[in-house]
Amino acid sequence: YDKALDADPHNLPIISNKGLTLVEIGEYSQAIDLAEQYLEVNPDNKGLLCVVKNAYEESNNISLAHYYTEIILEIDPSYKCELIQLLSIEEEALI
């Protein structure tokens, strides 16, 4: 991802994918920092918001994961991936 970002440092899909990869390898704070840096100029980017939400979810910070899920749903209520993940967050909270 770094080589691709060197060539195009504002490519949001690459930034999102890098963030999701960081989440997958357990680097939650790095993923959040990366996404939040670009959210300052693109606050409605669902991919970046999803990176932050996933990082919080994977680090068991369910309240912040839910907060970011709600933001995404306010932007686009039909965002199906987030609807499914919101249900899983609420189900986990009940356990």
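Our subject is the structure listed above.
For every chain, the first residue of its written sequence is number 1, and the numbers climb from 1 along that sequence. Per-residue local features are limited, in this predicted model, to residues with pLDDT of at least 70; the limit for side-chain atom pairs, both in listing and counting, is 80 or more; totals at the level of whole chains, interfaces and linings are taken over all residues. Calculated side-chain values reflect all of the structure's heavy atoms, with hydrogen atoms and water omitted.

Observations regarding the pattern of salt bridges
Next up, step 1: Salt bridge criterion: a side-chain nitrogen from Lys or Arg within 4 Å of a carboxyl oxygen from Asp or Glu. Enumeration according to the criterion identifies three salt bridges in this entry.
Next up, step 2: Notably, a salt bridge pairs aspartate 2 with lysine 18, separated by 2.6 Å at the nearest N-O pair. With aspartate 2 in helix H1 (residues 2-7) and lysine 18 in helix H2 (residues 12-24), the pair connects residues that are 16 residues apart, well separated along the chain.
Next up, step 3: With its nearest N and O atoms 2.9 Å apart, the salt bridge here joins lysine 46 to aspartate 76. Taken together, the positions of lysine 46 in helix H4 (residues 46-58) and aspartate 76 in the loop between helix H5 (62-75) and helix H6 (80-94) put the pair 30 residues apart, joining distant regions of the chain.
Next up, step 4: Note on classification: 1.4 Å probe, protein chains only; a residue is buried when its accessible area is under 20% of the maximum for its type, exposed when over 50%, partly exposed between these limits. The exposure class of aspartate 76 is buried, given its relative accessible area of 19%. Starting at the N terminus, helices and strands are each numbered in turn, a helix being any DSSP run of H or I of at least four residues and a strand any DSSP run of E of at least two.

A few points about the packing of aromatic side chains
Next up, step 1: Working definition: a ring pair exists when centres of Phe, Tyr or Trp rings (six-membered ring for Trp) sit within 6.5 Å. Plane angles under 30 degrees give stacked, over 60 give edge-to-face, the rest tilted. By the definition in use, this model includes two aromatic pairs.
Next up, step 2: Geometrically, the ring pair formed by tyrosine 56 and tyrosine 68 is stacked, given 5.8 Å between the ring centres and 25° between the ring planes. Of this pair, tyrosine 56 sits in helix H4 while tyrosine 68 is found in helix H5, placing the two residues twelve residues apart along the sequence. Assigned by exposure class, tyrosine 56 and tyrosine 68 land together as buried.
Next up, step 3: When the centroid spacing of 5.2 Å and the interplanar angle of 90° are considered together, the rings of tyrosine 67 and tyrosine 68 count as edge-to-face.
Next up, step 4: Pairwise contacts between aromatic rings join Tyr56, Tyr67 and Tyr68 into one cluster.

A word on helix H3 (residues 28-39)
Next up, step 1: What a helix is expected to span follows from its residue count: subtract one and scale by 1.5 Å. Along its twelve residues, H3 runs 16 Å from first to last C-alpha, staying within 8% of the 16 Å computed at 1.5 Å per residue.
Next up, step 2: Of the residues making up H3, those classed as buried are Ala31, Ile32, Leu34, Ala35, Tyr38 and Leu39. Buried residues along H3 cover an arc of 165° about the axis, so they all sit on one side.
Next up, step 3: Summarising the contacts, the buried residues of H3 are in contact with H2 and H4. Here, the arc refers to the directions that run from the helix axis to the C-beta atoms. Contacts are assigned to residue pairs that have any heavy atoms within 4.5 Å of one another.

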